[in-house]
Amino acid sequence: MLQSPQTTRKPALPMRKSALATVFLLALTCHAFALGGGKQQRLQKKAARIHNSCFTIDSHNDTPMWFMDSTYNFGENNANRRPRNRVDIPRMEAGGLDAAFFAVFIGQGDRTPQGNQKALEQALATFEAIRRNVKLNSEKTTIALGSDDGPAIAKQGKRAVYIGIENGYPIGTDLANIERFHKLGARYITLCHSSNNDICDSANDTIEHHGVSGFGEKVIAEMNRLGLMVDVSHISDESFYDVLKLSKAPVIASHSCARALCDNPRNLSDDMLRALAANEGVIQMCILSSYVKAPLPNPARDSAREALRIKYRNFKGLNEQEMSQARHEWYEVDEHFPQKLATVQDVVDHIDHIVKVAGIGHVGIGTDFDGGGAVEGCEDVSEMGNITLELLRRGYSAKEIRMIWGENLLRVMKKVEKLAEA
Ligand SMILES: [Zn+2]
């Protein structure tokens, strides 16, 4: 999820993926890249073949915020909704995406007993909304828990819905909530969002704990014990290094980019990338444009955003209806004052850099769709094959592409599960 507004938020075929999805993928790739004759067409066909042979998983979307809307159905094509919706089952099928982590996102609010209780209730309502949308579409999708579930569900031609929690805020001060979330299906927790919380400091806030707090240490130990992945996206640099010292299991950055290519505190420096590799963890490349490439100045949009910040009291202390309205208006501003988006090529520049610094075994994809994620050439989940095409164009082998699309993340999940069993 983007840091503002803080309010926020196969069919039963025996084949792994339907032939239809392949046709769609080819159509999309042809559309996105001007045809350069036979060579280009051969490359596109090869990319589609590789893409469809991979187990593909996106480690982060904020689509559950849509699930909270009773008019939204995950099983329908929602491409025409405004503000734009970027993930649903038909477009996951078209884009050849087998699985994704759907985020239970809770914007940071007051760190008081009342604030914590409200955050807990919101988290529980979001779990419920995810289950409702999956149940409504049970012939096409299933909740996934363990690392083996995603590939097994994909083999049945269905989409696997994993659950992650974005912001440890709803844990409140009660460690027992972590086990409760694990029982409800959560398999990672992003320790904080764009403000500090009781667990650790955020990349977008002032220093408070100097990294992970005493309570945060207990949270990490409990996550290790239960087999929940620790997600370091959104946390401060000091928090990041603390987590690496504290966690017994490898960690993930569910949606982050390389700071060397886009200087944003949300992104990971080269030193952090090397430390993450030493931890046997993985960074999942985020495709939120302003984390991929510094945006060009857009004063009209900046002032429209500022007006919204004032109107919604800096997105603090809003009730659910106000939060939903603020989120919609925020994305409307984006549509009225469009930003020149970074491109799929820019995204793969980051992947190239991460591979160079951390190694091929430590990078994956975490789009942040429906939380601000979208780049030119990959504006919704139906276009994910374009990332594979660009990787192939740059010389990545099928084996390497498989690692990026899922094997690296599954390796971390397996290790986390194993350590929890031990
Ligand atoms: Zn986020």
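Residues numbered from 1 in each chain as written. Predicted model: local features only at pLDDT ≥ 70, side-chain atom pairs only at ≥ 80, totals over all residues.

1. Details of the overall build of the chain
Within the chain, the regular secondary structure consists of 16 helices and 9 strands. In terms of overall dimensions, the chain is globule-like: its C-alpha atoms have a radius of gyration of 20 Å, near the 22 Å expected for 422 residues. The principal-axis extents of the C-alpha atoms in the chain amount to approximately 60 × 55 × 45 Å. Out of the 422 residues belonging to the chain, those deemed buried represent 53%. (Helix = DSSP H or I, 4+ residues; strand = E, 2+ residues; numbered from the N terminus. Rg over C-alpha atoms; globule rule 2.2 N^0.38 Å. Buried ≥ 20, exposed ≤ 12 C-beta atoms within 10 Å, placed from the backbone.)

2. Side note on the domain arrangement of the chain
The domain boundaries assigned to the chain delineate domain 1 (54–295 + 340–421) and domain 2 (297–338). Centre-to-centre separation of domain 1 and domain 2, based on C-alpha positions: 24 Å. (Domains from an automatic or database assignment.)

3. Description of helix α13 (residues 320–336)
Counted at 1.5 Å a residue, the expected span for α13 with its 17 residues is 24 Å, and the 24 Å between its end C-alpha atoms agrees. For α13, the set of buried residues is Met 323, Ala 326, Arg 327 and Trp 330. End-on view of α13: buried residues confined to an arc of 100°, all on one side of the axis. Relative to its buried face, α13 has exposed residues pointing more than 90 degrees away, namely Gln 321, His 328, Glu 335 and His 336. Along its buried surface, α13 packs onto α12 (299–311). (Expected span 1.5 Å × (residues − 1). Arc of directions from axis to C-beta. Contact = placed C-beta atoms within 7 Å.)

4. So, helix α5 (residues 113–136)
Between its terminal C-alpha atoms α5 stretches 35 Å, which fits the 34 Å expected from 24 residues at 1.5 Å a residue. Taken together, the buried positions of α5 are Asn 116, Ala 119, Gln 122, Ala 123, Thr 126, Ala 129, Ile 130, Asn 133 and Val 134. In this structure, the buried side of α5 is in contact with α3 (64–67), β2 (99–105), β3 (141–143) and β4 (159–166).

5. Quick notes on the packing of helix α2 (residues 38–53) against helix α15 (residues 385–393)
Between α2 and α15, the shortest axis-to-axis distance is 9 Å and the interhelical angle comes to 120°. In this structure, α2 crosses over α15, and the sense of that crossing is right-handed. Residues Leu 43, Gln 44, Lys 46, Ala 47, Ala 48, Ile 50 and His 51 of α2 form the contact with α15, whose own contacting residues are Gly 385, Thr 388, Leu 389, Leu 392 and Arg 393. When grouped by side-chain class, the residues that make up the contact of α2 with α15 number 6 nonpolar, 4 polar and 2 charged. (Axes fitted to C-alpha atoms, helices over the stretch in contact; angles between N-to-C directions. Left-handed = near helix turned anticlockwise from the far one by under 90°. Nonpolar A, V, L, I, M, F, W, Y, C, P; charged D, E, K, R; others polar.)

6. With respect to the packing of α12 against α13
In contact at an axis separation of 10 Å, α12 and α13 are set at 170° when each is read in the N-to-C sense. Considered as vectors, α12 and α13 are oriented roughly antiparallel to each other. Residues Arg 301, Ala 304, Arg 305 and Leu 308 of α12 lie in contact with α13, whose contacting residues are Ala 326, Glu 329, Trp 330 and Val 333. Its residues assigned to classes, the contact of α12 with α13 shows 5 nonpolar, no polar and 3 charged. (Parallel < 35°, antiparallel > 145°, perpendicular 65-115°, else oblique.)

7. Section: the environment of Asn 167
Examined against the element boundaries, Asn 167 turns out to sit in the loop between β4 and α7 (176–183). Asn 167 gets classed as buried once you count the C-beta atoms within 10 Å, which come to 28. For the pair Asn 167 and Ala 103, spaced 64 residues apart in sequence, the C-alpha to C-alpha distance is 9.5 Å. The contact partners of Asn 167, leaving out residues within four places of it in the chain, are Phe 105, Ile 106, Gln 108, Thr 190, Cys 192 and His 193.

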